[in-house]
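Each chain is listed here by its residues.
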Amino acid sequence: GTQKLCSGLENGIEGGFQAVRRMIKDFDEEENWGYLTIDATTAFNNLRRTQMLWAVRHLWPSAGRFVFNCYKGFTPLVIRRKDGEQCIVIHREEGRTQGDPLAMFCFGVATLPLIRSIKREGIRDVWYADDAGLGGPLEEVEEYYKELVDKGNNLGYLPNRNKCNLILS
């Protein structure tokens, strides 16, 4: 019943593996059933910041002000030179930096509206950070994926076709 396994759960990824293993076993005899694994292209870096701030404000209000203060402006990336000369500063407008302690929490909350908007009967999905897996009738899996690509573009969640795999029963 959990929509996101990347934060707030101990051993979330192991729970995801067990759920998928059980799902594949339960539907082993079904015809036209498959399981699609999905990985996003640099998801933390592409996530639309304004939509993340909105989602945190409404879905995680106790952290809303703090997250807003952290991400309201451009995020500077400071690169120091070994020779002691002037540093290079790159300002980022979108995304989170991987390694940022808030990155996983904010990413998880920001993708919840996307996950909820494409939820459909007959599809079982498991999400962990920028990875997802969904099982169901092949036609439904295809429609779910198309909607994920379409709506994900607006959020900055871009599935990487080269990293997606379809497992057929």
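As a reminder, the structure under discussion sits directly above these lines.
What this report covers is the structure whose coordinates are included nearby. (Residues numbered from 1 in each chain as written. Predicted model: local features only at pLDDT ≥ 70, side-chain atom pairs only at ≥ 80, totals over all residues. Heavy atoms only, no water.)

### What to know about the pairing of strand β4 (residues 124-128)
- Pairing of β4 with strand β5 (residues 131-137) involves five bridges; the strand directions are antiparallel. Bridge pairing in β5 links R124 to G135.
- Between β4 and β5, which pair antiparallel and follow one another directly, the connecting turn spans two residues, one of which, A129, has a positive phi of 55 degrees. (Pairing = 2+ DSSP bridges. Helix = DSSP H or I, 4+ residues; strand = E, 2+ residues; numbered from the N terminus.)

### A short note on a negative patch on the surface
- On the surface, D28, E29, E30 and E31 cluster together into a patch of negative charge.
- Structurally, E31 can be placed in the loop between α1 (12-26) and β1 (33-39).
- Residue classification places E31 among the exposed positions, given a relative accessible area of 70%. (Patch = residues over 30% accessible without salt bridge, like charges linked within 9 Å, V, L, I, M, F, W, Y side chains within 5 Å. Areas by Shrake-Rupley, 256 points an atom, 1.4 Å probe, with all protein chains shown as cover. Salt bridge = Lys/Arg side-chain N within 4 Å of Asp/Glu carboxyl O. Lys, Arg positive; Asp, Glu negative; His and termini not counted. Charge placed at Lys NZ, Arg CZ, Asp CG, Glu CD. Buried < 20%, exposed > 50% of the residue type's maximum accessible area, 1.4 Å probe, protein only.)

### Description of the nonpolar core
- I38, M52, V67, W127 and Y157 are the most contacted members of the largest nonpolar core, which totals 33 residues.
- Listed by contribution, the elements that provide at least two residues to this core are β1, α2 (43-46), α3 (49-59), α4 (61-71), α5 (103-118), β5 and α6 (138-155).
- Here the element with the most residues in this core is α5; it accounts for eight residues.
- Setting aside anything within four residues of it in sequence, one finds V67 in contact with M52, L53, V56, W60, L102 and C106. (Core = buried A, V, L, I, M, F, W, Y, C linked by side-chain atoms within 4.5 Å. Contact = heavy atoms within 4.5 Å.)

### So, the sheet that holds β1
- One open sheet holds the four strands; their spatial order is β4-β5-β1-β6, and the pairing between them is antiparallel. A single partner strand is all that each edge strand has here, and the edge strands are β4 and β6 (165-168). Each neighbouring strand pair of the sheet contributes to a mean axis angle of 15 degrees, computed without reference to strand direction.
- Here β1 runs beside β6; their pairing, made up of four bridges, is antiparallel. Residue G34 lies in a different strand from β6, and its bridge partner there is L168.
- Sitting on the sheet, α6 touches β1, β4, β5 and β6, and the angle it makes with β5 is about 145 degrees. (Axes fitted to C-alpha atoms, helices over the stretch in contact; angles between N-to-C directions.)

### With respect to unusual backbone geometry
- A positive phi angle, close to 55 degrees, is found at N32, a residue other than glycine.
- Relative to the helices and strands, N32 is located in the loop between α1 and β1.
- The phi torsion at A129 lies on the positive side, around 55 degrees, for a residue other than glycine.
- Inspection of the secondary structure assignment puts A129 in the loop between β4 and β5.

### Description of the packing of aromatic side chains
- In the structure shown here, the tally under the stated rule is two aromatic pairs.
- Judged by centre distance (6.0 Å) and plane angle (40 degrees), the ring pair of W60 and F105 falls under tilted. Here W60 is found in the loop between α3 and α4, whereas its partner F105 is found in helix α5, with 45 residues between them in sequence.
- Between W127 and Y157, the ring centres sit 5.7 Å apart and the planes meet at 55 degrees, which makes this aromatic pair tilted. Of this pair, W127 sits in strand β4 while Y157 sits in the loop between α6 and β6, placing them 30 residues apart in sequence. Comparing W127 with Y157 shows no difference in burial state: the two are buried. (Phe/Tyr/Trp six-rings, centres within 6.5 Å; stacked < 30°, edge-to-face > 60°.)

### So, the pairing of β1
- The element β1 is largely enclosed, with a buried count of six among its seven residues.
- Where β1 lies against β5, seven bridges are found, and the strand directions are antiparallel. Within β5, the position partnered with I38 by the bridge is A132.

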